[in-house]
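One letter stands for each residue in the lines below.
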4 protein chains.
Amino acid sequence: MDKVTERYSQWESQFAQANPAIDLGQVRDALKTIVIETPSWGYADSGTRFATFKQAAAAKTLRQKLEDAAQVHKYTGVAGSVAFHIPWDKTDDWREVKGWAAELGLKMGAINPNLFQDQAYKLGSLTNADPAVRAKARAHVLECIDIMRQTGSQYLSLWLADGTNYPGQDDFRARKGRLEEELAAIYSALDENMKLLIEYKFFEPAFYHTDLGDWGMATTFANKLGERALTLVDTGHHPLGTNIQHIVSFLIDEGKLGGFHFNDKKYADDDLTVGSIDPYQLFLIFCELVAGGDGKAIDVAYMIDQAHNLKPKIEAMIQSVLNIQTAYAKALLVDRKKLVSAQLAGDIIAAENTLKGAFETDVRPLLAKTRQELDRPEDPLAAYRASGYAQKAAQERG
Amino acid sequence: MDKVTERYSQWESQFAQANPAIDLGQVRDALKTIVIETPSWGYADSGTRFATFKQAAAAKTLRQKLEDAAQVHKYTGVAGSVAFHIPWDKTDDWREVKGWAAELGLKMGAINPNLFQDQAYKLGSLTNADPAVRAKARAHVLECIDIMRQTGSQYLSLWLADGTNYPGQDDFRARKGRLEEELAAIYSALDENMKLLIEYKFFEPAFYHTDLGDWGMATTFANKLGERALTLVDTGHHPLGTNIQHIVSFLIDEGKLGGFHFNDKKYADDDLTVGSIDPYQLFLIFCELVAGGDGKAIDVAYMIDQAHNLKPKIEAMIQSVLNIQTAYAKALLVDRKKLVSAQLAGDIIAAENTLKGAFETDVRPLLAKTRQELDRPEDPLAAYRASGYAQKAAQERG
Amino acid sequence: MDKVTERYSQWESQFAQANPAIDLGQVRDALKTIVIETPSWGYADSGTRFATFKQAAAAKTLRQKLEDAAQVHKYTGVAGSVAFHIPWDKTDDWREVKGWAAELGLKMGAINPNLFQDQAYKLGSLTNADPAVRAKARAHVLECIDIMRQTGSQYLSLWLADGTNYPGQDDFRARKGRLEEELAAIYSALDENMKLLIEYKFFEPAFYHTDLGDWGMATTFANKLGERALTLVDTGHHPLGTNIQHIVSFLIDEGKLGGFHFNDKKYADDDLTVGSIDPYQLFLIFCELVAGGDGKAIDVAYMIDQAHNLKPKIEAMIQSVLNIQTAYAKALLVDRKKLVSAQLAGDIIAAENTLKGAFETDVRPLLAKTRQELDRPEDPLAAYRASGYAQKAAQERG
Amino acid sequence: MDKVTERYSQWESQFAQANPAIDLGQVRDALKTIVIETPSWGYADSGTRFATFKQAAAAKTLRQKLEDAAQVHKYTGVAGSVAFHIPWDKTDDWREVKGWAAELGLKMGAINPNLFQDQAYKLGSLTNADPAVRAKARAHVLECIDIMRQTGSQYLSLWLADGTNYPGQDDFRARKGRLEEELAAIYSALDENMKLLIEYKFFEPAFYHTDLGDWGMATTFANKLGERALTLVDTGHHPLGTNIQHIVSFLIDEGKLGGFHFNDKKYADDDLTVGSIDPYQLFLIFCELVAGGDGKAIDVAYMIDQAHNLKPKIEAMIQSVLNIQTAYAKALLVDRKKLVSAQLAGDIIAAENTLKGAFETDVRPLLAKTRQELDRPEDPLAAYRASGYAQKAAQERG
């Protein structure tokens, strides 16, 4: 028996003894079949408004971004999808890109329009008072829908930076009306198999008001549009203290959860490695996703959106995937019958400890085993580091 | 010409010269016809979890609360409505209370059920896992609706303290389902002329999750119930930094704004005098209310909900009414055509300064004049202080 | 070999293989010798400003509080000290109380004056503009110092609720001057073996400003007083997002860390079970305490200060002690040489993963072993529940 | 009598009648002699991490920045000082720059080193584990001190972006030790007439911990260095809810307030126009500054630090100066004797209303008069707009 299996067996026998209700075969299956999408832009240089610290190995071309994403999938086995950002990833030949992806074992993921960078968007994009700017923004989104047709992407992932910086700068309700109109046009342009994910954000880059400022606003629009319009939760886009898992459960119950942009934060939209600041919160979010699903997390878009300004990009992305797996594995180990029974008995401590018990469990042997079953290395980060890929990339791209 | 009129005339001529578009007659009319409702519980002793500092003059009986509320109306002229809290204000004879109110010149305002104080509500009221507790809570609300029939109250003002203190304590979605069911029962018990105001709160007394945690949750329920279910905005119930005026405008646009519980805060739900910490925010909220109305603030419930733990109760309430009047008056002075024109031109500074100009205007001469027209003293606080009412109340009640 | 030892041996061999640098004997020794102090008031009923939900088993007398504290120590082995709050625990005969404590195996811990409850303190205690109120407050603290002499307590734990609710209410600098004077008088009354712990708080019950509002203010006073005046960190007394571990390390470096009031929070000073909301933060705090110590956490006062409004008191306190032990155990397992080496190499991910690796370790077998060595049950909570103590207390006290 | 004087006279007679204790001559004198320093970098393009929206009229050269700053002074009369940022404003010939400044009527203000932009500072500047990076950072600061000698600048304004993004990334105490050493070297290099202003910041660009994270840390260093090391308060660098005016008063009392970087915020370090979001807070800060001074604001560095990403630069800076003047004027109108008397009587409402009364006063006639006395236009913004300077600059620089 190899070492991974040996350690897993030992772990399994101990865990199963204490938690007879958990079907570990089902758990491993769930862990192997989740698809975590990484963002093409997460492999390129990024920074704050103060500085961008360049990394020699950072991807410069779309091909390099795909190659880097493929590395993350190669070592983790669950990151086989890539999100694109237009125009950063614009190409004349999406057929070629699909070929690369197929060759690298990657699925073409969400398309993300860019409605914040063009000089025209200074005072807003889809909410701009100027009809010409709105038309430009709408045309860009329609172009993205056309790209979806070429890439076979299922999700249009829409984040608006729109908002104002000062009281009085613009009329909230006029902007709301414009946005409603533009979203309707966008939604009606979608094919039957496409979904519109509407992202919200508390603040930044708008510093007074943001047109899609919270989940309530995003979901109000999604409800008006129809069932293929869903709300996208970016874990970093809430006021401090917000109970994100509660919002997630509310959206699941309403049938309006579209998916996630995962990252972590201590203050604002810090775009740190998911699970790096508050791993317990990430676990609690996954508890809701598992509770909403059937033996595994509910079927929505699991996407990472981070800006690794200091960490090496690919390593940080591998670490992010591992952190998500850790939270997910622990959530799968919660004995939900025991939990519900404690809840109904009003036994707060027993209910809480049912979660805590799963969270305190060391799931590394379990994850190593699922990796083995997926034919991936036990320690993805170490294996990637040992591969020399980063050094080679730095030399070639630097 | 009396002094108030003289000062007003001077003010008017200066203001009109600089702001020819503003109809000051209409402004004064708006200022005179707004009805600010004060809460019966705001005249009784209140405190924090650490201490309650007793005031000799604080009201002990319902009759005294009404008498105190009448003082606020007597000196301001715009506070002629009182909210009740059941069971704190419970009585066998609402006919008698209506008689007192009529005699004191007061309107019977919103009825506020209490779903947080009974020992049964330890783990929730309308969301409690125990059907017997839910039935008790529902029965209490139905009793309140019955009281509304006796008092002629238009608003059922529902605040739930329901929530949990720890991860896992209860199931978010199970609680949501229970709440939905109970709210439906409550809504269907309302008469045609009654409205249900659903309040939300970020946190406290629940410290992990609150079942009605934000406007999005309250409004989701209100939408499902029907058009007489509306969302109630308590200005102290948001995360720090929240753009409340944006939420207000969003709710107006959706036809779901039911009204306000006014107060101010620096940190959490501090329940301070409205306008005492951030008067500019209060002004900006009123700008939305005026924008949503037709020459005056939109017709919703304007209620005060504060806990004056240190200030003398009646004085603090008078001060609160004056602060609301100040914010409202300034909002009425905004030249909205000039504002919209600057907005459409993308002239951020001119748009902002249109608001700032109104805010910087000293509206004391204007308010003094409207008070005179309502036959009230120029300086309500000074007049109340001079009346000796507080000293007398302290002697009689202390 | 018994089951606890067997599981520990297995755990030890696995851990030691991966972490040869950690001296597990030293770790167990550290875990056994830490003293966690529980508060007498944590065994009595408590509530929010909205309601207090009574528990039949809650302690009513000082003797009962000590008996309950002894239960926590009986099952955990590391909670052998109790803090007192005056006047709640006032007695004519401290000799008798010392006798009870000795009999129950408890140490007499910190003395906490109460400067917030008396009606005289409405506008402040040591900062009050009225010299008579300041004298009263000072006299109370001096009385507490006298009690320290009788109890043999080492720590005077001073928390001030002093502050204001409104701009202008009082003069910040005048209050600062008064406080400085009073603290000097208090400090000079301390015996050589006594320490003054100065607590700070962001807000509540004061809602505009708090005289000791942050660690910087508390430490400014502590520095002026002398080396036996130290700063007390209550983990719930900071703005959201504050990096408490950074403050802790700063205070250690300045020689001014006096100790902790442990609890957890999601929003404000929620006084939840320590480690219940953000267990990673608690771990990171202990990492600083271990880094500052020599093979174990630095020698300061480790005190719990919580308000278990819903959970059964003794169970919640046992759970709190276990959560602290968990965080402490994990911090002791950090390979600090490896950490520093990664830090000096600028390898952010390796450094971070050194902490993460320790945090992901399941320390339950290790804690069970240390409990066995202290002659305590493997699962303190289950053992306490099985004892029937709560039922008996409820019957006798209810 | 001209119109400005006429309006002022009317205003003065009304104000003086109600506030006989205020010496309006002294007030006008104070308003005319404050020096507000504007930042050279405030005239160049700036943006967020998402986009920089270019302005044709934005300054590109140091000469242009000075010319733009001179415009602000030309129209306001109180902005006759400019801060420099090195290396953005680096020049071979400071004599020439001094000549320009003299010619434009400007004083050479604070020198701001840049310790965040160079690729070497990825893991810190003065706190970097690498001695070579620390040496580089120190050398840059020493170069700035040398520039101060050439420019005659009085203030070295030091802001560190130093911090970490992840738990474990670096050792807090090691960094603190390095910083202490470097600051000592810098301080000892200052001439007798120079002051070191140490700025702190809650977060950003560091997202886990910031080495100078709050006023307590900055002031701890300043205290160790000596009396010419002072703390610099940037109004946007605090957690939400922080009572900045309390910190200001505390620093004044400790003799450690060095000055301000003024701006405003709703969420994080939004760098908005000072007074645009919370004008009452700005007024309350000035109340402390006036209370600490003698008939006028205490003599510290009043500097603006903002990033006008959307507003035209010069207009926004004029607006900022006007907002500061407004807050300052109102603070000067507070009847401090009346205030203190109400405070000592424990009359919270009277005390608060003393401030409120000043805040509600329309100070535009007063400011117009002081501008007239300084030979500046009544409405600086309108006069600047009418001058055509922006159009000309856009043409020449665009």
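What counts as what
- Residues numbered from 1 in each chain as written.
- Chains lettered and ligands numbered in written order.
- Predicted model: local features only at pLDDT ≥ 70, side-chain atom pairs only at ≥ 80, totals over all residues.
- Helix = DSSP H or I, 4+ residues; strand = E, 2+ residues; numbered from the N terminus.
- Rg over C-alpha atoms; globule rule 2.2 N^0.38 Å.
- Buried ≥ 20, exposed ≤ 12 C-beta atoms within 10 Å, placed from the backbone.
- Contact = placed C-beta atoms within 7 Å.
- Nonpolar A, V, L, I, M, F, W, Y, C, P; charged D, E, K, R; others polar.
- Axes fitted to C-alpha atoms, helices over the stretch in contact; angles between N-to-C directions.
- Left-handed = near helix turned anticlockwise from the far one by under 90°.
- Least-squares fit on C-alpha atoms with pLDDT ≥ 70 in both.
- Parallel < 35°, antiparallel > 145°, perpendicular 65-115°, else oblique.
- Pairing = 2+ DSSP bridges.
- pLDDT = per-residue confidence, 0-100.
- Right-handed = clockwise from strand over helix to strand, strands pointing away.

**Notes on the overall build of chain A**
Each helix and strand in chain A was counted, giving 15 helices and 10 strands. Relative to a compact globule of 398 residues, whose C-alpha radius of gyration would be 21 Å, chain A shows 22 Å and is just as compact. By principal-axis analysis of the C-alpha atoms, chain A measures approximately 65 × 60 × 40 Å. Buried residues in chain A amount to 61% of all 398 residues.

**A look at the interface of chain D and chain A**
Of the residues lining the interface, 26 residues belong to chain D; the matching set on chain A comes to 26 residues. Of the residues in the side of chain D that touches chain A, the class split is 14 nonpolar, six polar and six charged.

**Comments concerning the packing of helix H2 (residues 24-33) of chain A against helix H13 (residues 364-373) of chain A**
Residue and element names in this part refer to chain A. Where H2 contacts H13, the axes come no closer than 10 Å and their chain directions differ by 65 degrees. H2 and H13 meet at a crossing whose hand is right-handed. For the pair H2 and H13, the contacting residues are Arg-28, Leu-31 and Lys-32 in the first and Lys-369, Thr-370 and Glu-373 in the second. Broken down by class, the residue content of the contact of H2 with H13 amounts to one nonpolar, one polar and four charged.

**Let's talk about the relation of the copies chain A and chain B**
Superposing chain A onto chain B takes a rotation of 180 degrees plus a shift of 0.0 Å along the axis, which leaves an RMSD of 0.0 Å. Between the two chains, the operation in question is that of a two-fold axis. Among all residues of chain A, the one whose C-alpha sits closest to the rotation axis is Gly-216 of chain A, at a distance of 2.1 Å. The fraction of interface residues of chain A whose copies in chain B are also interface residues reaches 100%, indicating that both copies meet through the same surface.

**With respect to the interface of chain A and chain B**
Listed per partner, the contact involves 41 residues of chain A and 41 residues of chain B. Contributing elements (two or more residues each) for the side of chain A that touches chain B: helix H6 (172-189), helix H7 (215-225), helix H8 (244-254), helix H11 (336-344) and helix H12 (348-360) of chain A.

**Here's the deal with the packing of helix H3 (residues 62-76) of chain A against helix H10 (residues 313-332) of chain A**
Residues and elements named next belong to chain A. For the pair H3 and H10, the least separation of the axes is 9 Å and the interaxial angle reads 40 degrees. By the angle between their axes, H3 is oblique relative to H10. Between H3 and H10 lies a crossing whose hand is right-handed. Where H3 abuts H10, its residues Asp-68, Gln-71, Val-72, Tyr-75 and Thr-76 lie against Lys-313, Ile-314, Met-317, Ile-318, Val-321 and Leu-322. Class assignment of the residues belonging to the contact of H3 with H10 gives a composition of seven nonpolar, two polar and two charged.

**With respect to the pairing of strand E1 (residues 36-39) of chain A**
Residue and element names in this part refer to chain A. Where burial is concerned, the two faces of E1 agree: the one with Ile-36 and Thr-38 and the one with Glu-37 and Pro-39 are both buried. When E1 meets strand E2 (residues 81-86), the two strands line up parallel, connected through three bridges. Bridge pairing in E2 links Thr-38 to Val-82.

**Notes on the relation of the copies chain D and chain A**
Between chain D and chain A, which share one sequence, the superposing operator has a rotation angle of 180 degrees and an axial displacement of 0.0 Å; the RMSD is 0.0 Å. Looking at the interface residues of chain D, 100% of them are also at the interface in chain A, so both copies use one shared face.

**Details of unusual backbone geometry**
Along the chain, Glu-204 of chain A connects to Pro-205 of chain A via a cis peptide bond; the corresponding omega equals 10 degrees. Ile-86 of chain B connects to Pro-87 of chain B through a cis peptide bond whose omega is 15 degrees. By the element assignment, Pro-87 of chain B lies in the loop between strand E2 (81-86) and helix H4 (94-104). Here the phi dihedral of Asp-271 of chain C falls at roughly 55 degrees; this positive angle occurs in a residue that is not glycine. When you line up the elements, Asp-271 of chain C lands in the loop between strand E9 (257-262) and helix H9 (279-292). Accessibility expressed as a C-beta count within 10 Å gives 23 for Asp-271 of chain C, which makes it buried.

**Regarding the confidence of the model for chain A**
On average, chain A scores 97 in pLDDT, and the residues at 70 or more come to 100%. Interface confidence in the predicted complex, given as ipTM, is 0.98; pTM for the same model is 0.98.

**Details of the pairing of strand E10 (residues 301-304) of chain B**
All names here are of chain B. Neither face of E10 is left uncovered, since the one carrying Ala-301 and Met-303 and the one carrying Tyr-302 and Ile-304 both have all their residues buried. The sheet contact formed by strand E9 (residues 257-262) and E10 spans four bridges and is parallel. The residue of E10 that forms the bridge with Gly-259 is Ala-301. The handedness of the E9 to E10 crossover, carried by helix H9 (residues 279-292), is right-handed.

**What about the environment of Ala-390 of chain A?**
Residue and element names in this part refer to chain A. Tracing the chain through its elements places Ala-390 in helix H15 (residues 389-397). For Ala-390, a count of 19 C-beta atoms within 10 Å translates into the label partly exposed. Here the alpha-carbon distance between Ala-390 and Pro-312, two residues 78 residues apart in the chain, equals 8.6 Å. Leaving out residues up to four positions away in the same chain, Ala-390 has contacts with Ala-57, Pro-312 and Ile-314.

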